[in-house]
Amino acid sequence: MDRAVKRDRRQAFTPLNTTPFWSTAAEPHRFPRLDRDLQVEIVVVGAGITGLTTAYLLVLGGHSVAVFDRGRVAERDSGHTSAHLTMVSDRRLSSLVRSWGRDRARSVWDAGLTAIERIESIVRAEQIDCDFQYVPGYLHAVDGDAERDGGPKAFEDEASLAIDLGFDAAFVNDMPFIGGPAAAFERQGRLHVSRYLSGLARAIVERGGRIFEHSEIEGAEAKPRSVRVNGKTVSCDRVVLATHMPIVGLASKSDTARLQSKLAPYTSYVVAGRIGKGEVPDALFWDTADPYHYCRIQPASSHDVMIFGGEDHKTGQASHTAGCLKRLEETAAGLVPGIDITHRWSGQVIETPDGLPYIGEITPCQFTATGFSGNGLTFGTLSGMMAVDWIEGKANEWRSLFDPGRRVTSGGAWIYLKENADYPLYRVRDWLQEKARSVDAVQPGEGQILEYRGTKAAAFRDDQGVLSILSAACTHMGCLVAWNDTERTWDCPCHGSRFDTNGRVLAGPATEPLSPLDQSE
Ligand code: FES
């Protein structure tokens, strides 16, 4: 990496702190790096909600399990959520019924309710201090103005359908906080996600499970079955991929690429700020904007914290990500004028063509779970429950519904084509642009894609004037990465891989870093 670094004396400026609210409020977790060979029954890849729930339920059942994460426990996607616990899917219930029929639509929402109840039972059994609370959820019009959403009847119909399918729902003519009509749903939930995951990790280790941080999967073998981690061999019977975006593992590269191409990663932004106690009711809120906004509170001793998100866009496809956070702050201040914003961050959600997650066996002895859309904590928890049933050979009522090999519906096929139309475009887009700037034009704190010695480069100059120049070709399938000015990362617009300014992988499906380019004179 040394050759990829040069210094100059440009003026530094303060970068935006994008640490999630959960990170600063939670106790740090510490787990070892794998440094020796190991034998376990089940390898779990990824220490977020899916991986930790899977491992917890497995150790409860007497299985031997080891969890590996390339970074720290709950550091990435699960640590960047807004921690809504809900059965209410991003795709409206009426839309699910149109695509899948009443029984399967009911089953999708049942999955969310079941997951919330499982989280509650784990919190109680393990006495995890994470502020879990059942709260109502409200689907409401933007600014309470139902007329732009087809009038109050749209919300009345959504509530009636939910009641008809057996859910505890109601139509509310004048909802609290926002005002105007809404569909209200009981027994949704909220918690402090880092404290919950920290409690899960503690419970896993107390029951004999193993967790390894800074331990990345480097490859896998089907016979004898094993994975390579930090140059060591971990022998196992089965592998559970809980990596948000699936990696190859035991599957073939072509099968993995086929699954990855069905997934569309979106970046969603979140702000958190201090507000007065009781200023916002203890509930979940989603408006009907596109992309929609979501809101909840996290109680503190002397005040509440409002957590407010939205402004989603396809990862790597926004030209000025700081503007997304600015608009979000303005919208939050419009709802609660005195809010004191303390945290700003972004997370990634993964969409599928038909709106349902992919959870199940993807190749013999390997289980994967992805495509949770905006329901990461509930579908992640459900995935852990389904993984254990798969390992123990038990029937599971969601197996065929969420089967990764299912056929997409006709509407889903259209969305699939629309989402993947980007891929060839982003492979060539920047190569077709005018010959770009020189590296000298890159300012402190700025990243640019430019042509450098006959190749496309991702150039970043840090606040001290140190320049890093990396290949701009994503190591997954060759798309050109784009600069994310809020997080200071290189994000791939094709399948959502993310890299830090040194080229290290922050989020897959890429597993290899961006290569440094030679800067010698
Ligand atoms: Fe697939 Fe970059 S994530 S090409």
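You'll find the structure just up there.
Residues numbered from 1 in each chain as written. Predicted model: local features only at pLDDT ≥ 70, side-chain atom pairs only at ≥ 80, totals over all residues. Heavy atoms only, no water.

A. Summary view of the packing of aromatic side chains. In this structure the tally under the stated criterion is 13 aromatic pairs. Ring geometry for phenylalanine 367 against tryptophan 390: centres 5.3 Å apart, planes inclined by 40 degrees, an arrangement best described as tilted. A residue pair is termed long-range when its members are at least 10 positions apart, and phenylalanine 367 in strand E20 (residues 366–370) and tryptophan 390 in helix H9 (residues 376–391) qualify at 23 residues. Each of the two residues, phenylalanine 367 as well as tryptophan 390, counts as buried. (Phe/Tyr/Trp six-rings, centres within 6.5 Å; stacked < 30°, edge-to-face > 60°. Helix = DSSP H or I, 4+ residues; strand = E, 2+ residues; numbered from the N terminus. Buried < 20%, exposed > 50% of the residue type's maximum accessible area, 1.4 Å probe, protein only.)

B. Up close: the pattern of salt bridges. The final tally for this structure, using the stated rule, is 23 salt bridges. Between glutamate 120 and arginine 124 there is a salt bridge whose closest N-O contact spans 3.3 Å. Taken together, the residues glutamate 120 and arginine 124, both in helix H4 (residues 102–126) and 4 residues apart, mark about one turn of the helix. Linking glutamate 126 and arginine 207 is a salt bridge whose minimum nitrogen-to-oxygen distance equals 2.9 Å. One end of the pair, glutamate 126, is in helix H4; the other, arginine 207, is in the loop between helix H6 (193–206) and strand E9 (210–212), with 81 residues separating them in the sequence. Judged by relative accessible area, which is 37%, arginine 207 ranks as partly exposed. (Salt bridge = Lys/Arg side-chain N within 4 Å of Asp/Glu carboxyl O.)

C. Expanded view of helix H5 (residues 152–164). A rise of 1.5 Å per residue sets the reference length of H5, with its 13 residues, at 18 Å; its end C-alpha atoms lie 18 Å apart and thus fit the reference within 8%. Taken as a whole, H5 has its buried residues at Phe155, Glu158, Ala159, Leu161 and Ala162. Along the axis of H5, the buried residues cluster in a sector spanning 160 degrees; they form a single face. Where H5 is buried, its residues touch helix H3 (93–100), H4, strand E6 (133–140), strand E7 (169–172) and strand E8 (182–190). (Expected span 1.5 Å × (residues − 1). Arc of directions from axis to C-beta. Contact = heavy atoms within 4.5 Å.)

D. Expanded view of the nonpolar core. With 86 residues, the main nonpolar core has Trp109, Phe132, Phe185, Leu191, Tyr196 and Phe402 as its most contacted residues. Leaving out residues up to four positions away in the same chain, tryptophan 109 has contacts with Met87, Val88, Ser89, Leu93, Leu96, Ala162, Phe167 and Phe185. Residues Tyr138, Phe285, Leu328 and Val336 belong to the second largest nonpolar core, which totals 22 residues. (Core = buried A, V, L, I, M, F, W, Y, C linked by side-chain atoms within 4.5 Å.)

E. A look at the environment of threonine 501. Assignment of secondary structure puts threonine 501 in the loop between strand E26 (498–499) and strand E27 (505–507). For threonine 501, a relative accessible area of 16% puts it in the buried group. For the pair threonine 501 and aspartate 149, spaced 352 residues apart in sequence, the C-alpha to C-alpha distance is 43 Å.

F. Inspection of the packing of helix H2 (residues 49–60) against H6 at higher detail. Between H2 and H6, the shortest axis-to-axis distance is 9 Å and the interhelical angle comes to 35 degrees. Between H2 and H6 the crossing geometry is left-handed. Here H2 contributes Ile49, Leu52, Thr53, Ala55, Tyr56 and Val59 to the contact with H6, which in turn contributes Tyr196, Leu197, Leu200, Ala203 and Ile204. Taken together, the residues of the contact of H2 with H6 sort by class into 10 nonpolar, 1 polar and no charged. (Axes fitted to C-alpha atoms, helices over the stretch in contact; angles between N-to-C directions. Left-handed = near helix turned anticlockwise from the far one by under 90°. Nonpolar A, V, L, I, M, F, W, Y, C, P; charged D, E, K, R; others polar.)

G. A look at the environment of threonine 267. Inspection of the secondary structure puts threonine 267 in strand E14 (residues 264–275). The class for threonine 267 is buried, based on a relative accessible area of 4%. The spacing of threonine 267 and serine 226 is 41 residues in sequence and 33 Å in space, taken between C-alpha atoms. The residues touching threonine 267, leaving out its near neighbours within four places in the chain, are Glu311, Asp312, His313, Lys314, Thr315, Ser346 and Gly347. A polar atom in the side chain of threonine 267 sits 2.9 Å from the side chain of threonine 315. (Polar contact = N/O pair within 3.5 Å; in protein donor to acceptor, adjacent residues only side chain to side chain.)

H. Examining the side chain of glutamine 348 more closely. Here glutamine 348 is to be found in strand E18 (residues 340–351). Side chain to side chain, glutamine 348 and threonine 315 meet in a polar contact 2.9 Å long. Sequence-distant contacts of glutamine 348, defined by excluding residues within four places in its chain, comprise Asp77, His244, Pro265, Tyr266, Thr315, Gly496 and Arg498.

I. Examining the pairing of strand E13 (residues 238–241) more closely. By the bridge criterion, 4 bridges tie strand E3 (residues 42–45) to E13 in an arrangement that is parallel. Across the sheet, valine 43 pairs through a bridge with valine 239, a residue of E13. The pairing of E13 with E20 spans 3 bridges and is parallel. Its bridge partner lying in E20, leucine 241 is registered against threonine 368. (Pairing = 2+ DSSP bridges.)

J. Molecular detail of the sheet that holds strand E24 (residues 482–484). The antiparallel open sheet is built from 4 strands, whose spatial order is E24-E25-E26-E27. Every other strand in the sheet has two partners, leaving E24 and E27 as the edge strands with one partner each. One ladder, built from 2 bridges, connects E26 with E27; its direction is antiparallel. By the bridge assignment, phenylalanine 499 is partnered in E27 with valine 505.

K. Examining the pairing of E14 more closely. In terms of burial, E14 is a largely internal element, 10 of the 12 residues being buried. Across 9 bridges, the pairing between E14 and strand E17 (residues 304–314) is antiparallel. Bridge pairing in E17 places valine 270 opposite glycine 309.

L. Expanded view of the sheet that holds strand E19 (residues 358–363). One open sheet accounts for 6 strands, arranged E9-E4-E3-E13-E20-E19; its pairing is mixed. The sheet is open, and its two edges are formed by E9 and E19, each paired on a single side. With strand direction ignored, the average angle separating the axes of adjacent strands in the sheet is 20 degrees. Bridging between strand E4 (residues 65–68) and E9 involves 3 bridges; their strand directions are parallel. Its bridge partner being in E9, alanine 66 is matched across the sheet by arginine 210. Along the sheet, H2 makes contact with E3, E4, E9, E13 and E20, crossing E4 at roughly 170 degrees.

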